[in-house]
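# Observations on the model geometry
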Amino acid sequence: MGIDKKNAQPPEKLTGIKIEEIPSSAVGFKAIKSAITHIKNEVGLYKGIGLLANLNQKKGIDCPGCAWPDPDEKRAFLAEYCENGAKAVAEEATKKRVSPIFFASHSISEISKLSDYEIGKKGRITHPVVLNKEGNYYEEISWKDAFKLIGTELNKLKSPDEAIFYTSGRTSNEAAFLYQLFVRQFGTNNLPDCSNMCHESSGVALSDTLGIGKGSVTLEDFNHAELVIVMGQNPGTNHPRMLNALGKTKKRGGKIITINPLPEVGLMNYRDPQNPLKWVGKAQKLTDIFLQVKINGDVALLKIIFKLLWEKEKNNPNTVFDHHFIKEHTTGYQDFIEHIETTSIDELIPQTGIDFKTIEDAANLIAKKKRIIICWAMGLTQHKNGVDNIREIVNLLLLKGSIGKNGAGTCPVRGHSNVQGDRTMGIWEKPKTSFLDCLEKEFKFKAPRKHGYDVVESIKAMHQKKASVFIGMGGNFISATPDTEYTAEALQNCELTVHISTKLNRSHLIHGKKALILPCLGRSEKDLQEQGEQFVSVENSMGVVHSSSGHLKPLSEFLLSEAAIVAGIAEASLKNSTVNWNDLIKNYDYIRNKIEVTIPGFSEYNKRIRKNDGFYLPNSARDKDFSTTSTGKANFSINSVSDIVLEKNQLLMMTIRTHDQYNTTIYGLNDRYRGILNERRVIFMNSLDIAANGLERLDKVDLISHFKGNKRIAKGFLVIPYNIPKSCTATYFPETNVLVPLDSKARLSNTPTSKTIVITVHKN
Ligand SMILES: Nc1nc2c(c(=O)[nH]1)N[C@H]1C(S)=C(S)[C@@H](COP(=O)(O)OP(=O)(O)OC[C@H]3O[C@@H](n4cnc5c(=O)[nH]c(N)nc54)[C@H](O)[C@@H]3O)O[C@H]1N2
Ligand SMILES: Nc1nc2c(c(=O)[nH]1)N[C@H]1C(S)=C(S)[C@@H](COP(=O)(O)OP(=O)(O)OC[C@H]3O[C@@H](n4cnc5c(=O)[nH]c(N)nc54)[C@H](O)[C@@H]3O)O[C@H]1N2
Ligand SMILES: [Mo]
């Protein structure tokens, strides 16, 4: 019995908004109080403090929050974590349990009526459970039978390409490597991952222009940068420890330019979370120049800046651009300059929504600086021209010779704590030939060569019944993906859906004809295998591979590690595998030995991972080696501005995160840094747009998105007047994913355009 696809969306219920003044700075006492409250409520104070003391310490647990790196040497004495890192571990190490008794007394239809917040707070899943055809209750199943069911369904498929193997970004290197090896031995490259919705645009743009899809800076570079530009990112909430790095840049005399439609509190002023003496008195100012750009106005803004820089360079040759770098290391400079000559500042200004004088101040500052870092996240990648946004960033760095030198370079700030490592391990629907060649050689099998489905293509394939088994290694597919109702139909078309999860989420409720939930160990728990206690390894945003070991007793004896689950599925599904899966998981050193011989950069993996804090992977851009691009040099590129034209009363909507959520996991109902408490169904609007639509503060409205003549609706949101550019609005994800059309995606990277959705607002 399938539940109504409408229940794929969070319920429309309002929760009782309270509005308070927006704080003047991030961090400080309230952050500490919030962290302690979450720890106390979820884990208990005594156990919680032990847990926090291990977070991000050498030989400790890698924080499951974000992918921001740890300092190479000195770690904070008090603790190397942030408020939101504390919430992330509290959520995982919670005392609350979702046991077979819970499932026996709560039907799927019943659970699907709860909010995402309520679902998450039910706790950790303790046993593998199955939902049989026509059932409305999950029931306990043994691991053996669960694996057998997967094996049977996979082997029923006419082609391996009818199965989809999704990965979220928390999976360790060891589990990810095994998972992709199993999937390729099964015979498909259908390995979509959360990256497809996240930094794919960065990967495509950086590979194109610099020859490596990862950022080039290290944490140390922030101590040497003269200028850091932070674009389309809200580190105060999503990467709080990045504020320390920015604080250090400032202390050494560096400047910060922030480009964002919102004046995000954390970027404006902050207090050092590791220095309680600084929690009172005046906060540290971070942003020197704030460019309050309209949504998707970044390419236009950068083009204006290029024009201003070029004018200066023409007037005083060799003072603004680094011609030595340009000549030695790049191609396409002449074409780029010709394009800049033809651009018109007057035509571009309206797209930015910023006054000319402020842009000029920014250009003057950039002109003088030689060591520049540019950081960015989802505000740039999730647009139709997301790849253009990032190639434009590269243009700026190339003009300034700001790549491959101390204090300079690209800094795409990754989301999930091991999303970068998972890609390195081969979780990718478009694997490189050289990688498949290595797998074939080492494991003696014929790897599939045809590219697989990414996230958007997977949804379509399931909808069109070209795929009928879905396996999710972590994540929450129904809530993270666009076009919620369409995606629900897609998942409900499947014969089998399987989720390897720590906590209950909405994806468990929007299921195929049969469904399994396979509970796994979390990062914070001890992982005991045949040859003893194991640790895993992960790669952070700056390419450092390091270990993570859980210290807590697993919450239930029925949990398996992700690696063991992959081995179990592989044993039950592959007929003549050349791999002895059960042997590999006896000791993860054996898996790392296999990684060492198949993936470049991992020589002496087992030895180096045990030393202090791991090791840096090779990074060609960091070494000013651009030989891996199509031209053998770093490429200048010519990029497209936004092509969105709004009709009367139409507005642009970006979907963003509150301070109290981790993607689809809702820690709480507050967004403290934006002054909103106890409510998620809000829409931030400019006062002029509120008036123009005949609306008032706190009016209840429905949102309708418009795409190629189709309308999609999300009901019941409260209007909040906010400091946001005219014609721009913001709502929280996942409540408004139902408005994001599946076919609205970035050119080249296929990333859903979660930050540019054309909407109208209607009084309810
Ligand atoms: N606590 C916590 N930490 C997290 C996460 C979480 O949910 N909670 N998620 C993790 C993940 S997977 C990721 S990918 C990252 C996400 O980290 P962020 O990218 O910081 O997250 P978003 O909330 O999507 O914020 C996007 C920012 O971009 C701005 N923006 C939107 N559109 C535009 C635009 O057109 N131009 C410019 N210049 N700016 C724009 C928004 O105003 C907002 O400040 O964080 C990771 N860390
Ligand atoms: N509208 C809109 N949509 C977006 C975005 C946006 O900005 N706007 N952002 C996109 C981005 S950047 C991303 S990365 C995706 C995120 O997409 P996902 O990664 O799919 O979603 P998460 O919410 O991070 O997944 C949370 C679930 O992961 C499981 N989990 C947690 N820890 C573990 C673990 O250690 N092991 C396993 N096996 N499972 C675990 C828990 O069951 C939890 O419910 O969403 C995307 N969707
Ligand atoms: Mo992400």
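Residues numbered from 1 in each chain as written. Chains lettered and ligands numbered in written order. Predicted model: local features only at pLDDT ≥ 70, side-chain atom pairs only at ≥ 80, totals over all residues. Heavy atoms only, no water.

Attention now moves to the layout of surface pockets. The volume enclosed by the largest pocket comes to roughly 1300 Å³. Lining the largest pocket we find 37 residues, and of these Ile212, Gly213, Lys214, Trp428 and Lys432 sit closest to its centre. If you list the elements that add at least two residues to the lining of the largest pocket, you get α9 (200-210), α20 (419-424) and α21 (433-443). For the lining of the largest pocket, the per-class residue count stands at twelve nonpolar, 17 polar and eight charged. (1 Å grid on protein atoms, 1.4 Å probe; cavity = no way out; pocket = protein on both sides within 12 Å on 5 of 7 lines; lining within 4 Å. Points joined across faces, edges and corners; volume = space filled by probe spheres on them. Helix = DSSP H or I, 4+ residues; strand = E, 2+ residues; numbered from the N terminus. Nonpolar A, V, L, I, M, F, W, Y, C, P; charged D, E, K, R; others polar.)

On domain assignment, one finds that the chain holds domain 1 (35-107 + 124-192 + 428-612), domain 2 (200-412) and domain 3 (644-763). Relative placement of domain 2 and domain 3: their C-alpha centres are 26 Å apart. In total, domain 2 and domain 3 occlude about 2200 Å² of area from one another, counting both sides; carbon and sulfur atoms represent 60% of this. Counting the contacts that link domain 2 with domain 3 gives two salt bridges. Among the salt bridges present, the one from Asp388 reaches Arg747, with a minimum N-O distance of 3.5 Å. On inspection of domain 2 and its partner domain 3, the count reaches nine residue pairs in polar contact (both at pLDDT 80 or more). Of all the secondary structure elements, the ones that give two or more residues to the side of domain 2 that touches domain 3 are α9, α10 (235-238), α18 (378-381) and α19 (386-399). In terms of residues, the side of domain 2 that touches domain 3 owes the most to one element, α19, which gives four residues. (Domains from an automatic or database assignment. Buried area = accessible area lost by both parts, 1.4 Å probe. Salt bridge = Lys/Arg side-chain N within 4 Å of Asp/Glu carboxyl O. Polar contact = N/O pair within 3.5 Å; in protein donor to acceptor, adjacent residues only side chain to side chain.)

Turning to unusual backbone geometry, a few remarks are in order. As a rule of thumb, non-glycine residues mostly have phi less than zero, and peptide bonds are mostly trans rather than cis. Pro734 follows Phe733 through a cis peptide bond whose omega is 10°. Relative to the helices and strands, Pro734 resides in the loop between β31 (728-732) and β32 (757-763). Its identity as a non-glycine residue notwithstanding, Glu604 has a phi of 50°, on the positive side. The partly exposed category is assigned to Glu604, whose relative accessible area is 42%. Even without being a glycine, Asn649 presents a positive backbone phi close to 70°. (Buried < 20%, exposed > 50% of the residue type's maximum accessible area, 1.4 Å probe, protein only.)

This paragraph deals with the site of ligand 2. In the vicinity of ligand 2 lie 30 residues, with Tyr166, Ser168, Ala480, Glu562 and Thr664 positioned nearest. Within the side chain of His416, one N or O atom sits 2.8 Å away from an oxygen atom of ligand 2. Asn505 is positioned with one of its side-chain polar atoms (N or O) 2.8 Å from an oxygen atom of ligand 2. Burial of ligand 2 by the protein chains amounts to 96% of its free accessible area of 940 Å². (Near = heavy atom within 4 Å. Areas by Shrake-Rupley, 256 points an atom, 1.4 Å probe, with all protein chains shown as cover.)

Before going further, it helps to spend a moment on the packing of aromatic side chains. With the rule as written, the count across this model stands at 23 aromatic pairs. For the ring pair Trp310 and Phe321, a centre distance of 6.1 Å and an interplane angle of 10° mean the geometry is stacked. With Trp310 in helix α13 (residues 298-315) and Phe321 in the loop between α13 and α14 (323-329), this pair connects stretches of sequence that are eleven residues apart. With a relative accessible area of 5%, Phe321 lands in the buried category. Aromatic pair Phe321 and Tyr333: ring centres 6.5 Å apart, planes at 85°, arrangement edge-to-face. With Phe321 in the loop between α13 and α14 and Tyr333 in helix α15 (residues 333-342), this pair connects stretches of sequence that are twelve residues apart. Each member of the pair Phe321 and Tyr333 is classed as buried. By way of ring pairs, the aromatic residues Phe306, Trp310, Phe321, Tyr333, Phe336 and Phe636 are connected into one cluster. Its end group placed over the ring of Phe615, Arg608 keeps NZ or CZ at 4.0 Å from the ring centre. Between Arg681 and the ring centre of Phe717, over which it is positioned, the NZ or CZ distance is 4.5 Å. (Phe/Tyr/Trp six-rings, centres within 6.5 Å; stacked < 30°, edge-to-face > 60°. Lys NZ or Arg CZ within 6 Å of the ring centre and 35° of its normal.)

So, on to the pairing of strand β29 (residues 700-707). As defined by bridge partners, β29 adjoins strand β30 (residues 710-721) across seven bridges and the pair is classed as antiparallel. Note on β30: the bridge partner recorded for Leu703 is Ala714. Hairpin connection, β29 to β30: the antiparallel pair is bridged by two residues, and Lys708 has positive phi, about 45°. (Pairing = 2+ DSSP bridges.)

Another point: the nonpolar core. Counting residues in hydrophobic clusters, the biggest one holds 62 residues, and the most contacted among them are Phe165 and Phe182. Counting residues per element, this core draws most heavily on helix α8 (residues 173-186), which supplies nine residues. Residues in contact with Phe165, not counting those within four places in the same chain, are Leu154, Tyr179, Phe182, Val183, Phe186, Thr188, Asn190, Leu191, Pro192 and Ile471. If you look at the next biggest cluster of nonpolar residues, it comprises 55 residues, including Met231, Ile289, Ala367 and Trp376. (Core = buried A, V, L, I, M, F, W, Y, C linked by side-chain atoms within 4.5 Å. Contact = heavy atoms within 4.5 Å.)

Our next topic: the site of ligand 1. Taken together, 31 residues are adjacent to ligand 1, and Asn260, Glu264, Asn296, Gln661 and Asn663 come closest. The separation between a nitrogen atom of ligand 1 and a polar side-chain atom of Asp298 is 2.7 Å. Burial of ligand 1 by the protein amounts to 99% of the accessible area it has alone, namely 920 Å². Per-domain counts for the shell around ligand 1 show at least three residues from each of domain 2 (200-412) and domain 3 (644-763).

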